[in-house]
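Residue-level structural notes
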Amino acid sequence: MKRLVVLVFAALFLFIVSCAQKEVVVPDSGPMSKKEDTSKDKDRDVKDRSKDADETTSIDKDSIKDRALTEEEIRAAMQSVLKNIPFAYNRSDILDEAKPVLRKISDWMLAHKSVSLLIEGHCDERGTNEYNLALGDQRAQATKAFLVSSGVPATSMETVTFGKEKPICNEHNEACWSKNRRAAFVISR
């Protein structure tokens, strides 16, 4: 039975990775500099990555032209609304400190009904891959459930788990691990 669960998670992970959309991070302001080119700048310093991850969210650039929102409106939403929410160690319940952020996201989603979100569940590096994939899924599902209970249609959101595969901080301490335990938001359609 345990092998079956592991195989299912491995297949799910491979499917997610193979179906990943090309994503672009829109910078805080001004034209993109060479340092802010996200997908190609692998030499970027870890501190810069963790700082930017708190302030921006990815978008599917091709989807911008399909909606009434302008790129500036999406950038503004990413800066002021679509913030990562934290989770406690080994937990998937929504923290009190995350609820105001989720209420703001809910209000924004209800005002922009043509927008869909991908909710990503992430974990810190501790634990097995299988455990963290399951925990990341629980975090993404809990986040979606909170937004649905706030009136956001479930059909406007999808979830994905990355477990510990996409950390925003690579140091081995609690401050860093707490940044990696998160739900992140991607404008998907």
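Residues numbered from 1 in each chain as written. Predicted model: local features only at pLDDT ≥ 70, side-chain atom pairs only at ≥ 80, totals over all residues. Heavy atoms only, no water.

**Points about the overall build of the protein chain**
What the protein chain contains, in helices and strands, is 7 helices and 6 strands. For the protein chain, the α and β elements follow one another from N to C terminus as α-β-α-β-α-α-β-α-β-α-β-α-β. Here the protein chain, with 189 residues, has 39% of them falling under the buried criterion. Sequence-distant contacts in the protein chain: of pairs separated by 6 or more residues, those separated by 24 or more amount to 75%. Per element, the accessible surface of the protein chain, about 10,500 Å² overall, is 55% carbon and sulfur. (Helix = DSSP H or I, 4+ residues; strand = E, 2+ residues; numbered from the N terminus. Buried < 20%, exposed > 50% of the residue type's maximum accessible area, 1.4 Å probe, protein only. Contact = heavy atoms within 4.5 Å. Areas by Shrake-Rupley, 256 points an atom, 1.4 Å probe, with all protein chains shown as cover.)

**Some points on the environment of Ile168**
Along the polypeptide, Ile168 turns up in the loop between β5 (157–163) and α7 (174–180). Between the alpha carbons of Ile168 and Lys179 there is a distance of 6.9 Å; along the sequence they are 11 residues apart.

**A look at the nonpolar core**
Core analysis: the largest hydrophobic core is formed by 23 residues, its most contacted members being Ile85, Leu102, Ile105, Leu117, Leu147 and Phe185. At the level of secondary structure, the elements contributing two or more residues to this core comprise α4 (71–80), α5 (99–111), β4 (117–122), α6 (129–149) and β6 (182–187). Residue contributions to this core peak at 4 residues, all from α5. Setting aside chain neighbours within four positions, we find Leu102 in contact with Ile85, Ile94, Thr143, Phe146, Leu147 and Phe185. (Core = buried A, V, L, I, M, F, W, Y, C linked by side-chain atoms within 4.5 Å.)

**A word on the pairing of β6**
Taken across its 6 residues, β6 has 6 buried, putting it largely inside the fold. Here β6 shows two buried faces, one formed by Arg182, Ala184 and Val186 and the other by Ala183, Phe185 and Ile187. In the sheet, strand β3 (residues 85–86) pairs with β6 via 2 bridges, with the strands oriented antiparallel. In the sheet register, Pro86 faces β6, and the bridge partner there is Arg182. (Pairing = 2+ DSSP bridges.)

**Digging into the confidence of the model for the protein chain**
Low pLDDT marks regions whose predicted coordinates should not be analysed in detail. Per-chain confidence: the protein chain averages 75 in pLDDT, with 62% of residues scoring 70 or above. Of the regions scoring below 50 in pLDDT, residues 17–67 engages in 79 contacts with residues more than four places distant in sequence or in other chains. (pLDDT = per-residue confidence, 0-100.)

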